[in-house]
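Structural features, examined
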Amino acid sequence: MVSVFPFLGGRISRRFDLNTQPAGGAANTGAGPERSNLHAAVMEILPVFKDVPVSERQNLFIRKLKICCILFDFSDTLKSVREKEMKRQTLIELVEFMQSGSGKITEAVQEELIRMVSVNIFRCLPPAAYENTGAENQDPEEEEPYLEPSWPHLQIVYELLLRYVVSSETDTKIAKRYIDHSFVLKLLDLFDSEDPREREYLKTILHRIYGKFMVHRPFIRKAINNIFYRFIFETERHSGIGELLEILGSIINGFALPMKEEHKLFLVRALIPLHKPKQVSLYHQQLSYCITQFVEKDYKLADTVIRGLLKYWPVTNCQKEVLFLGELEEVLEFTQLAEFQRCMVPLFRQIGRCLNSSHFQVAERALFLWNNEHIVSLIAQNRSAIFPIIFEALEKNMESHWNPAVHGLTANVKKMFLEMDNELFEQCERQYIEKSANAKGLEEQRELLWKRLEAVAAKSGGEDMVLVS
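What counts and what doesn't
Residues numbered from 1 in each chain as written. Predicted model: local features only at pLDDT ≥ 70, side-chain atom pairs only at ≥ 80, totals over all residues. Heavy atoms only, no water. UniProt positions renumbered as here; feature names shortened; annotations may be inferred. Axes fitted to C-alpha atoms, helices over the stretch in contact; angles between N-to-C directions. Helix = DSSP H or I, 4+ residues; strand = E, 2+ residues; numbered from the N terminus. Parallel < 35°, antiparallel > 145°, perpendicular 65-115°, else oblique. Contact = heavy atoms within 4.5 Å. Nonpolar A, V, L, I, M, F, W, Y, C, P; charged D, E, K, R; others polar. Expected span 1.5 Å × (residues − 1). Buried < 20%, exposed > 50% of the residue type's maximum accessible area, 1.4 Å probe, protein only. Polar contact = N/O pair within 3.5 Å; in protein donor to acceptor, adjacent residues only side chain to side chain. Salt bridge = Lys/Arg side-chain N within 4 Å of Asp/Glu carboxyl O. Core = buried A, V, L, I, M, F, W, Y, C linked by side-chain atoms within 4.5 Å. Disulfide = S-S within 2.5 Å. Patch = residues over 30% accessible without salt bridge, like charges linked within 9 Å, V, L, I, M, F, W, Y side chains within 5 Å. Areas by Shrake-Rupley, 256 points an atom, 1.4 Å probe, with all protein chains shown as cover. Left-handed = near helix turned anticlockwise from the far one by under 90°. pLDDT = per-residue confidence, 0-100.

Per an unreviewed UniProt entry, the protein chain goes by Serine/threonine protein phosphatase 2A regulatory subunit and derives from Nelumbo nucifera. In its Subcellular location (unreviewed entry) section, the UniProt entry covering the protein chain states "Cytoplasm". Note on the protein chain: under the UniProt heading Function (unreviewed entry), the record states "The B regulatory subunit might modulate substrate selectivity and catalytic activity, and also might direct the localization of the catalytic enzyme to a particular subcellular compartment."

This is the structure:
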């Protein structure tokens, strides 16, 4: 299977041009006045690194970091323009110095670096659009994302943090004192930022921290679990579920076999219930990747996953049903015969309901399952159990479905069944005709009974009716 997350594979992140000017104009406040606790007057003009001796560069680096702890109000684009640009250029110098690998990073530098990063990125996120308007039922896909006005500075701070984490000069034994559990938790809180550019950087940085700081791995997994639990069972609102799932997709890919019980519990308690929220379409691609990774690694989990999908199967949301059918096909690709047999009866009852859906995309997507050779092979080996379940749905489609494409696909599936086992096909056909005749007889009896009741009521002439004045 080709990974849908090439971003987490080789290159560190998308690059930005260090020499470009920041985009002008922003309507909202990024780092508001309450965060600008230092005045622009203390902005000190410092020499560039190449103009000082090598022995002095670490001290100069620290001095530049302290300058970058000054925060500005981005609600007014005309305010402190010169000082904002000075800070931006200083941040760019710090990134270039870090990227050049000019000597080992001392502990004092690391401490000051993480302090500067924390001052800049850890902040109260603005209220989401639905919180401001009170439109709780608004579709998150239709909401305009909030773009952080202070991004001209924030982007470079994130780039500096990323360079620090991936640098071969960064000693993890020292770095873990500053990139600790508290820092990681605050970083995870920022995933709820509405700005997709920020979430993209956070995704890459957290993934690199997970890879480099092995001591933090269980804690990061547990913290992500807690975010998922809060999202599923409390809020159903979070901007960064897709990005967190992308990180997990890469993590799951590296799980050793046999799989730990902790990981299986994560699948059952967090990943499968993530199908429940209404806005699953926003992160379904990443969720589906994580789910299929589990089944690909341990095929015995297929029954658990399929039953989980059936538990959260949508009743009235047709677009969500199409997504579930696509994911189901991916899971069935890695399902072995024994696991398939455990869940095939409830599975094909649900597929039968999808075949008869009046929404043609749902019916069509369900019929496309028969284009998959592995699924057809599983069906063929269990045809005596599956044919009787699915035959009625196919006949109903042929008799009454309004969509011509669904008619054509249904005819193809019936032909496939006929070629698989002609005798069983004829047996199912006889059973269907008999069942239809019985149903028709019952309907006629019901109509006759109603007519008799109507006749009795008419004959009595309303004598026994109770009048209410």
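Observations regarding the packing of helix α15 (residues 337–355) against helix α17 (residues 373–381)
If you want to describe how two helices pack, look at the angle between their axes and the distance between the axes. Close contact between α15 and α17 brings their axes to 11 Å; oriented N to C, the two are set at 85°. As the angle between them shows, α15 and α17 are arranged roughly perpendicular. Between α15 and α17, the contacting residues are Leu-337, Phe-340 and Phe-348 on the first element and Leu-378, Ile-379 and Gln-381 on the second. Taken together, the residues of the contact of α15 with α17 sort by class into five nonpolar, one polar and no charged.

Observations concerning helix α20 (residues 422–460)
If you check α20, its first and last C-alpha atoms are 57 Å apart, about what 39 residues at 1.5 Å a residue would give, namely 57 Å. Those residues of α20 that sit buried are Leu-424, Phe-425, Cys-428 and Tyr-432. Looking at the packing, one finds that the buried side of α20 touches α18 (383–400) and α19 (404–420). Looking at where α20 begins, the residue whose side-chain oxygen comes 3.3 Å from the main-chain nitrogen of Glu-423 is Asp-421.

Focus: the environment of Ala-302
Looking at where Ala-302 falls in the secondary structure, it is placed in helix α13 (residues 302–311). The exposure class of Ala-302 is buried, given its relative accessible area of 0%. With 32 residues separating them in the primary sequence, Ala-302 and Phe-334 have C-alpha atoms 7.7 Å apart. The contacts of Ala-302, once residues within four sequence positions are left out, are Val-295, Thr-335 and Glu-339.

A short note on the pattern of salt bridges
Scanning all chains against the criterion turns up 21 salt bridges. In this structure, Glu-85 engages Arg-88 in a salt bridge whose closest nitrogen and oxygen atoms are separated by 3.1 Å. Residue Glu-85 and its partner Arg-88 are located together in helix α2 (residues 81–100), separated by three residues, close to a single helical turn. Overall, Glu-85 belongs to the partly exposed group, its relative accessible area being 24%. Beyond isolated ion pairs, a larger network of salt bridges with shared partners links Arg-123, Glu-148 and Glu-198.

Focus: the nonpolar core
Grouped together as the largest cluster of nonpolar side chains are 130 residues, with contacts concentrated most on Met-116, Phe-228, Leu-271 and Trp-370. Those residues in contact with Phe-228 that lie beyond four places of it in its chain are Ile-241, Leu-244, Leu-245, Leu-248, Phe-266, Ala-270 and Leu-274.

Some points on helix α14 (residues 318–333)
Here α14 spans 23 Å end to end across 16 residues, near enough to the 22 Å set by a 1.5 Å rise per residue. Lys-320, Glu-321, Phe-324, Leu-325, Gly-326, Glu-327, Leu-328, Glu-329, Val-331 and Leu-332 are the residues of α14 that are buried. Looking at the buried residues of α14, the elements they touch are α12 (284–297), α13, α15, α16 (360–367) and α17. Between the side-chain oxygen at the start of α14 and the backbone nitrogen of Gln-319 there is a gap of 3.3 Å, and the oxygen is on Asn-317.

Points about unusual backbone geometry
Residue Pro-258 is reached from Leu-257 by a cis peptide bond, and omega for that bond is 0°. With respect to the helices and strands, Pro-258 occurs in the loop between α10 (241–253) and α11 (261–271). Residues other than glycine seldom take positive phi values, yet Ser-80 does so here, at roughly 50°. Considering the arrangement of structural elements, one finds Ser-80 in the loop between α1 (57–67) and α2. The phi torsion at Glu-236 lies on the positive side, around 55°, for a residue other than glycine.

Digging into the state of the cysteines
All chains considered together, the criterion is met by zero disulfides. No disulfide involves Cys-68; its sulfur sits 7.5 Å from that of Cys-69, the nearest cysteine. Relative accessible area serves as the criterion here: at 6%, Cys-69 is assigned to the buried category.

Quick word on a nonpolar patch on the surface
The grouping of Leu-449, Trp-450 and Leu-453 at the surface amounts to a nonpolar patch, some 350 Å² of accessible area in total. With respect to the helices and strands, Leu-453 occurs in helix α20.

Comments concerning the packing of α14 against α15
The N-to-C vectors of α14 and α15 enclose an angle of 150°; their axes lie 13 Å apart at closest approach. The orientation of α14 with respect to α15, classified from their angle, is roughly antiparallel. Note on packing geometry: the crossing formed by α14 with α15 is left-handed. Between α14 and α15, the residues in contact are Glu-321, Leu-325, Leu-328 and Leu-332 and Phe-340, Leu-347, Gln-350, Ile-351 and Cys-354, respectively. For the contact of α14 with α15, the class distribution of residues is seven nonpolar, one polar and one charged.

Comments concerning the confidence of the model for the protein chain
Overall, the predicted model of the protein chain reaches an average pLDDT of 87, with 86% of residues at or above 70. Within the protein chain, helix α4 (residues 129–133) has the poorest average pLDDT of any element, 61, and α13 the best, 98. Confidence over residues 1–41 falls short of pLDDT 50; this stretch has 96 contacts with residues more than four positions distant or in other chains.

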